[in-house]
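The primary structure of each chain is shown beneath.
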Amino acid sequence: MPRVVVWATHLALPLAGLWLLLTRPGADQIWQHHDTHFWLVITVAAVNVAVGVAMSVAAHRRQDGRLFLVSLVFLAGAGFLFAHALATPKVLIAHPNAGFDMAMAVGLIIGSVLALVSSLRLPAGITRWQLALRPALGLVLFAWIVVSVLDLPPLNRQTQVRDVEGPMVVASYVAVALYLVAAVRFYLRYRRAPGVVLMSVVTAFALLAEAMLAVTLADKWRLSWWEWHLILTAAFLFVGYSAYVQYRREGSAAGLFDGIAVAETTRRIRAQYETALEELVTALQESEAGGRPERLAARMAERFGLTEKQAEVLDRAAAALLAERDLSGRLGALVTVGEQARVGAGEEEFLRSAVQAVRPSFGDVEVGLVSGGVTRVTGADVLPLTVKGKVAGGVRIPADGRPELRATLANQLSIGLENSRLYGELSTLFRQYMSPDVAAALLADPDQAALGGQLVDVTALFADLRGFTTFSEAVEPGEIVEMLNRYHGVAVPCILDNGGTIVQFVGDALLALFNAPARQDDHETRAVRAALEMQDAVRVIATGHPDWPRFRVGANTGPALVGNIGSELLRGFNAMGDAVNVAARLQTIAEPGQVVIGGATFDALRDVVATPLGDLEVKGRRQTVRAYVVETMAS
């Protein structure tokens, strides 16, 4: 806020001086020195022409409509100021004329219209106006100069007391308002995106408004009349000086006036610089990858009008961006390696996926494990892989970049390898004694091994061998074990493949659950399909052993308490409830080779062919049970 106050105070000083001179006629002295006027105005016009031409060149290069219009504001002011200087009495012409009096007023009025238009939201095709506006302004200015200097009508009429009289006064006040509106709009733009040159344009428009006011109110050759010359000088020199400061800061004239440009131009410039930086980064990447290095800074400098110093900065920025991307890529690769070490992934799968994940960032990474006491990968750039504190292999990582990242990668691979082997050992131990679903759940969350349970709708499947006791009495124990292993060898995959969980084996019988511990929307269908597949598989085996007993299966659906049951010393995953008991009773009703299901299970099935058994009384239950013998079910 203090800066704004200081800036506004400086802008108010010329108005205060003008008010003082106009209200005190005695102080507003006449000073008529034609040569001083000529050279002062010519010099200021030359400075303004330089600023206007620089803006015009930038507008053409950027194809920016706003910058083009602002350049016309300064070119119009410079041109008519030059015409005002050439018509100075007693220099090129003998007496003052209307061309001398009105030149600056006309130039400022034209400039005010252009200033207002430049502050508005401009259409995309505004740059096409260059072909018409610039030549039109040039023709008007050339005609004014010729008619004025040659003292031709209508500009040869006798001079007046003030430069602006009659209808021109109204136009002058309108021009003051237009300059102020343009200044305010550009100031709002400055608040959103501060810039030295943009602020100088705001100041210049405010000073042009004050100069227009002085031109309108001051009598010729008086100090108040000279003041508007000084105000114009300050306006034009301020823009020129700001551009010079920006040039010294940037080291190039390429982007001096980009702060004035429309948003589309700014986005286009930003995209061009981003493209240039991307090209440099790509070139550096190819160079580091062994390709032929290509220095693009000179070409970038030529494309964007950069100095050698700016090109070096761009080079350093590209190198810094490449380093940052390389670091980000390597850190991301390390995160990926950590994610790969998940439950259930074997060590070969883990190492293969991890190496594929890190090669884009770390280069040609190679892993070798210890086999027969010998590490397959050796060399000075090989880092050890350890499992439980002992060397289990090595990893070759290209020795570039940060050493700590190479060490971190080796540690991550070691941790993942140790986890894979530990998970493998636990998985082998668990899965040989419990269902894979239960094993996976315990590995992921050991707290699930705590005693307790929850009420869940399940489909329980019971299966046992009809006549097993009689068969056991008649054969040797070895044949009993062979039969059970062969039957269970085909029955277990049928259950597991359908998502079932085998809770227990009791002699010749087994209990399996569906919808626990993993949830399944179609657990009834899965259970019946598993039962039918199991009977089909056992039937094939029984064909070669007609004396072996056959499975009978019962399945039922309903709520059951599912969880870990037992003691702190010994526990097991199980299910209890009426639904489970009914499944056991339905199994006793079934004939060898049959699958008998309860009513709740049947109601949940689709495309099933079943024979109803009616409402049956079962042992240990007061209510009857609706039962069905499943014949077939669509796959």
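For the structure, check the block above.
Residues numbered from 1 in each chain as written. Predicted model: local features only at pLDDT ≥ 70, side-chain atom pairs only at ≥ 80, totals over all residues. Heavy atoms only, no water.

A. Structural detail: a nonpolar patch on the surface. A surface patch of nonpolar side chains, about 370 Å² in accessible area, is lined by Leu455, Leu561, Ile565 and Met576. Along the chain, Leu561 falls in strand β8 (residues 550-566). (Patch = residues over 30% accessible without salt bridge, like charges linked within 9 Å, V, L, I, M, F, W, Y side chains within 5 Å. Areas by Shrake-Rupley, 256 points an atom, 1.4 Å probe, with all protein chains shown as cover. Salt bridge = Lys/Arg side-chain N within 4 Å of Asp/Glu carboxyl O. Helix = DSSP H or I, 4+ residues; strand = E, 2+ residues; numbered from the N terminus.)

B. Focus on unusual backbone geometry. For the peptide bond that leads from Pro153 to Pro154, omega is 5°, which places it in the cis range. Of the consecutive residues Ala516 and Pro517, the connecting peptide bond is found in the cis state with omega at 0°. With respect to the secondary-structure elements, Pro517 resides in the loop between β7 (509-514) and α17 (523-543). Even without glycine at this site, Trp221 takes up a positive phi of about 70°. Positionally, Trp221 belongs in the loop between α7 (196-217) and α8 (223-250). A positive phi is found at Asn515, a non-glycine position, where the angle reads about 80°.

C. Summary view of helix α4 (residues 98-119). With 22 residues, α4 should cover 32 Å at 1.5 Å per step; its first-to-last C-alpha distance of 32 Å lies within 8% of that length. At Met104, α4 shows its maximal bend, which comes to roughly 25°. Of all the 22 residues making up α4, 18 are buried; the element is thus mostly covered by neighbouring parts of the structure. One side-chain oxygen at the N-terminal end of α4 lies 3.1 Å from the backbone nitrogen of Gly99; it belongs to Asn97. (Expected span 1.5 Å × (residues − 1). Bend = angle between axes of the 7 residues up to and from the residue. Buried < 20%, exposed > 50% of the residue type's maximum accessible area, 1.4 Å probe, protein only. Polar contact = N/O pair within 3.5 Å; in protein donor to acceptor, adjacent residues only side chain to side chain.)

D. Representation of the environment of Ala354 in the model. Along the chain, Ala354 turns up in helix α12 (residues 347-362). For Ala354 and Gln412, which are 58 residues apart along the polypeptide, the C-alpha to C-alpha distance reads 9.7 Å.

E. Examining helix α18 (residues 578-589) more closely. Across its 12 residues, α18 extends 17 Å between first and last C-alpha, which sits within 8% of the 16 Å expected from 1.5 Å per residue. Buried within α18 are the following residues: Ala579, Val580, Val582, Ala583, Ala584, Leu586 and Gln587.

F. The arrangement of the sheet that holds strand β2 (residues 374-375) in detail. Taken together, the four strands give an open sheet; going across it, the order is β2-β1-β4-β3, and neighbouring strands pair in antiparallel fashion. The sheet terminates laterally at β2 and β3 (382-387), the two strands that pair on one side only. (Pairing = 2+ DSSP bridges.)

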